[in-house]
Amino acid sequence: MDTRSSERRTSTRESPLWPWQVLLLLGLFVLWHVLTRTEILPPFFFGEPLQVLARIWDWFSTGRILPHLGVTLLETLLAFLLGTVLGLAAGLWLGLSPRAARLLDPYITAFNSMPRVILAPIFAVWFGLGIWSKVLLGVTLVFFIVFFSVYHGVREVSPVLLDNARMLGASRMQLLRHVYLPSAMGWVFASLHTSVGMAFVGAVVGEYLGSARGVGYLILQAEGVFDVNTVFAGVIVLTLAALLLDRLVTLLERRLMSWRPNAQDRGARS
Amino acid sequence: MRADYTAVRAASLRVLDGEFVSLVGPTGCGKSTLLNLAAGLQAPTEGEVRIFGTPSSGLNASAGYLFQTDALFPWRTALDNVAIGLELRGVVREQARERAREWLQRVGLAAHATKYPHEMSGGMRKRAALAQMLILEPRMLLMDEPFSALDVQTRQLMENELLGLWAQARRCVLFVTHDLEEAIALSNRVVVLSAGPASHPIAEYEVDLPRPRDVQEIAMHPRFVELHRAIWSALKQEVMKAHGHAFL
């Protein structure tokens, strides 16, 4: 019994999961294909996977998608960077001055619970149909994620570490630079995957509500002429881009957060 | 810490330059409070702290503090952890690292300079913390049960190393511990605190054992045994008070 169960455990560890993940994806495509081909699902509303793939291939082989994808990714990146920096700064500030935090508390709660996507048309009026109205929408989404994780994180900085830094001669500014900021980076990274996703949502939704370029714009155009295949193609391209961004974040995290114990080390340490 | 808890009251304690003084007492008797007062991390509600004769308020700049729990910067390597005190004082980074390397050597961590705290063992982390404190050459060392989390072997090793470092440059040390053997083996003087609240020193013992000492060998010394018995008889009553006679 024992040997068999341990064998099974090693065999699952040895065989990688990705072939199964690819198989699952293929299976879903085949199912989609069969259902629409037999017209159990009307192809007019559900699209046809082969044509969707053909559209994606066409986009990339002619390079026509690239300027649109480039704009969407640029908006995402800017929204992400601006939102993170502002969220980090505000989180540190309010985390360190409880008076200001109490003063602003109702406003923060209000802004956070407000459905901020509604702001998109207003931003479009304020900042035009260019990239900045989308960036700003993304910023309002990213800001609160980063802000809350830093704001709560500041209170959890080890008091012993703070005492130690003070005994070693750290001034108030040096405490910020050498204790609070590095700690905060950990919390920022903890929320990074969510905030990149949110920046992406901000960019695409912004484009969808009014723009002249971007993948969201392509989707909007296709919907206007009931071209469901193109809509699905746009959605798939966006999904792939999101996966890629998430992967990049993971790589960045590994590089910058090498000081953090990962699960493996934690298990080995006694 | 509760604001209304009087940990220490009417406590008077004097540590001479170059002296190694241990504070022993039952848990909750305010040993750490006394240490924090000396460090300036806490301000006394009454009375004053004098550092080398001058009344002190605010942080005690001439003291180094070794904490009970880990206080290394988790995002800095062993080397950068040791260097940080100098960096905070405006020493150029490369110079600070150079001196830090010497100190790592001195505490036996030269081979582990690039390790992060989570990659080090408990003993290694203590050594790094010791170097982090000593690199600034503080005139007084404050230690709050620094070795209590280590296993017995590592602990005795660290105690001997501490004695070695102390012998090289005799600074005054205020060492808090609940381990009476550790206190006697290391110190010139052992101060017994009464049970809290409102704890205060109740007895002092001069430790006239020869130096240099080895913490394992010194424990066999007849004078050690004699001192241990005498101090324990004073300490025992306080420990029992602290536990509300739970053992009786």
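Treat the numbers as computed from the prediction; the structure is a model and nothing was measured.

## Observations concerning the overall build of chain A
Working step 1: Secondary structure summary: chain A contains 14 helices and zero strands in total.
Working step 2: The secondary structure elements of chain A, listed N-terminal to C-terminal, are α-α-α-α-α-α-α-α-α-α-α-α-α-α.
Working step 3: On C-alpha atoms alone, chain A measures out to a radius of gyration of 24 Å, which is more than a quarter above the 18 Å that the 2.2 N^0.38 rule sets for 270 residues.
Working step 4: Across its three principal axes, chain A shows a C-alpha extent of roughly 75 × 70 × 35 Å.
Working step 5: For chain A, with 270 residues in total, the buried portion stands at 39%.
Working step 6: For chain A, the accessible area works out to roughly 16,300 Å², and carbon and sulfur atoms hold 69% of it.
Working step 7: If the 22 positive side-chain charges of chain A are averaged to one point and the 16 negative ones to another, these points end up 10 Å apart.

## Section: the domain arrangement of chain A
Think of interface size as the accessible area that goes away when the parts come together; that is how it is often given.
Residue and element names in this part refer to chain A.
Working step 1: For chain A, the domain assignment lists domain 1 (2–46) and domain 2 (60–259).
Working step 2: For domain 1 and domain 2, the distance between their C-alpha centres works out to 33 Å.
Working step 3: Across the contact, five residues belong to domain 1 and four residues belong to domain 2.
Working step 4: Per-residue buried area on domain 1 facing domain 2 is highest for Trp32, Phe44 and Phe46; these three make up 75% of the total on that side.
Working step 5: In this structure, the connection of domain 1 to domain 2 is made through zero salt bridges.
Working step 6: Our count for the contact surface shared by domain 1 and domain 2 stands at zero residue pairs in polar contact (both at pLDDT 80 or more).
Working step 7: Broken down by secondary-structure element, the contributors of at least two residues to the side of domain 1 that touches domain 2 are α2 (18–37) and α3 (43–46).

## A short note on the interface of chain A and chain B
Working step 1: Contacts between the two partners involve 21 residues from chain A, matched on the other side by 25 residues from chain B.
Working step 2: Buried surface at the junction of chain A and chain B, summed over both partners, amounts to about 2,200 Å²; 66% is from carbon and sulfur atoms.
Working step 3: Of all residues in chain A, A:Met167, A:Leu168 and A:Trp259 bury the most surface against chain B, accounting for 36% of the area lost on that side.
Working step 4: Across the contact surface, chain A and chain B share zero salt bridges.
Working step 5: Applying the counting criterion to the chain A and chain B interface returns seven residue pairs in polar contact (both at pLDDT 80 or more).
Working step 6: Of all the secondary structure elements, the ones that give two or more residues to the side of chain A that touches chain B are α9 (159–167) and α10 (172–190) of chain A.
Working step 7: Ranked by residues supplied to the side of chain A that touches chain B, first place goes to α9(A) with seven residues.
Working step 8: A per-class count over the side of chain A that touches chain B returns ten nonpolar, six polar and five charged.

## What about α9(A)?
Residues spaced three or four apart along an α-helix face the same direction, because each turn holds 3.6 residues.
Working step 1: Restricting attention to buried positions, one finds in α9(A) the residues A:Leu161, A:Leu162, A:Asn164, A:Ala165 and A:Met167.
Working step 2: Residues of α9(A) that are buried in the fold lie against α10 of chain A together with α1 (31–39), β4 (63–66), α2 (78–88) and α4 (122–134) of chain B.
Working step 3: Phi turns positive one or two residues past the end of α9(A), at A:Gly169, with a value near 105°.

## Some remarks on the sheet that holds strand β7 (residues 189–193) of chain B
Pairing between the strands of a sheet comes from backbone hydrogen bonds, and it takes one of two forms, parallel or antiparallel.
Residue and element names in this part refer to chain B.
Working step 1: Reading across from one edge, β4-β5-β6-β1-β7-β8 is the order of the six strands in this open sheet, with mixed pairing throughout. The sheet terminates laterally at β4 and β8 (201–206), the two strands that pair on one side only. Strand-to-strand twist across the sheet, computed as the mean angle between neighbouring axes with direction ignored, equals 15°.
Working step 2: Sheet topology places β4 next to strand β5 (residues 140–144); four bridges connect them, and they run parallel. Residue pairing for β5: Tyr65 is matched across the bridge by Leu142.
Working step 3: The sheet strands contacting α1 are β1 (20–24), β4, β5, β6 (172–176) and β7, and the helix crosses β5 at an angle near 150°.

## So, the domain arrangement of chain B
Residues and elements named next belong to chain B.
Working step 1: For chain B, the assigned domains read domain 1 (1–62 + 138–248) and domain 2 (72–137).
Working step 2: If you average the C-alpha positions of domain 1 and of domain 2, the two centres end up 26 Å apart.
Working step 3: Of the residues lining the interface, 15 residues belong to domain 1; the matching set on domain 2 comes to twelve residues.
Working step 4: For the domain 1 and domain 2 pair, buried surface summed over both sides reaches about 1,100 Å², with 72% attributable to carbon and sulfur atoms.
Working step 5: Looking only at domain 1, the three residues that lose the most surface to domain 2 are Pro138, Met158 and Leu165, adding up to 42% of its buried area.

## Here's the deal with the nonpolar core
Nonpolar side chains in soluble globular proteins tend to end up buried together.
Working step 1: Counting residues in hydrophobic clusters, the biggest one holds 55 residues, and the most contacted among them are B:Leu130, B:Met143, B:Leu162, B:Phe175, B:Ile184 and B:Val190.
Working step 2: Counting residues per element, this core draws most heavily on α4(B), which supplies seven residues.
Working step 3: Residues lining this core come from more than one domain, with at least three contributed by each of domain 1 (1–62 + 138–248) and domain 2 (72–137) of chain B.
Working step 4: Each residue touching B:Leu130, except ones within four places of it in the same chain, is listed here: B:Leu66, B:Met143, B:Met158, B:Leu162 and B:Leu165.
Working step 5: Among the nonpolar cores identified, the runner-up in size contains 52 residues, and A:Ile56, A:Tyr180, A:Ala184 and A:Val196 belong to it.

## Some words on the pattern of salt bridges
Residues and elements named next belong to chain B.
Working step 1: Evaluated as defined, the whole model comprises 19 salt bridges over all chains.
Working step 2: The shortest N-O distance in the salt bridge between Glu204 and Arg189 comes to 2.8 Å. Pair noted here: Glu204 is in strand β8 and Arg189 is in strand β7, with a separation of 15 residues, a long-range link.
Working step 3: Overall, the relative accessible area of 46% leaves Glu204 in the partly exposed class.
Working step 4: A relative accessible area of 7% means that Arg189 is categorised as buried.
Working step 5: With a shortest N-O distance of 3.1 Å, Glu238 and Lys241 are connected by a salt bridge. Taken together, the residues Glu238 and Lys241, both in helix α8 (residues 222–242) and three residues apart, mark about one turn of the helix.
Working step 6: Through salt bridges with shared partners, a single network forms among Arg155, Glu159, Asp179 and Glu182.

## Thoughts on the packing of helix α8 (residues 131–154) of chain A against helix α11 (residues 192–209) of chain A
Packed helices, taken two at a time, are described by their axes: the angle between them and the distance between them.
Residue and element names in this part refer to chain A.
Working step 1: Where α8 contacts α11, the axes come no closer than 7 Å and their chain directions differ by 155°. Here α8 lies roughly antiparallel to α11, going by the angle between them. Between α8 and α11 lies a crossing of right-handed hand. Here Lys134, Leu137, Gly138, Leu141, Val142, Ile145 and Val146 of α8 come into contact with α11, specifically with Thr194, Ser195, Met198, Ala199, Val201, Gly202, Ala203, Val205, Gly206 and Glu207.
Working step 2: Of the residues in the contact of α8 with α11, the class split is ten nonpolar, five polar and two charged.

What counts and how
- Residues numbered from 1 in each chain as written.
- Chains lettered and ligands numbered in written order.
- Predicted model: local features only at pLDDT ≥ 70, side-chain atom pairs only at ≥ 80, totals over all residues.
- Heavy atoms only, no water.
- Helix = DSSP H or I, 4+ residues; strand = E, 2+ residues; numbered from the N terminus.
- Rg over C-alpha atoms; globule rule 2.2 N^0.38 Å.
- Buried < 20%, exposed > 50% of the residue type's maximum accessible area, 1.4 Å probe, protein only.
- Areas by Shrake-Rupley, 256 points an atom, 1.4 Å probe, with all protein chains shown as cover.
- Lys, Arg positive; Asp, Glu negative; His and termini not counted.
- Charge placed at Lys NZ, Arg CZ, Asp CG, Glu CD.
- Domains from an automatic or database assignment.
- Contact = heavy atoms within 4.5 Å.
- Buried area = accessible area lost by both parts, 1.4 Å probe.
- Salt bridge = Lys/Arg side-chain N within 4 Å of Asp/Glu carboxyl O.
- Polar contact = N/O pair within 3.5 Å; in protein donor to acceptor, adjacent residues only side chain to side chain.
- Nonpolar A, V, L, I, M, F, W, Y, C, P; charged D, E, K, R; others polar.
- Pairing = 2+ DSSP bridges.
- Axes fitted to C-alpha atoms, helices over the stretch in contact; angles between N-to-C directions.
- Core = buried A, V, L, I, M, F, W, Y, C linked by side-chain atoms within 4.5 Å.
- Parallel < 35°, antiparallel > 145°, perpendicular 65-115°, else oblique.
- Left-handed = near helix turned anticlockwise from the far one by under 90°.

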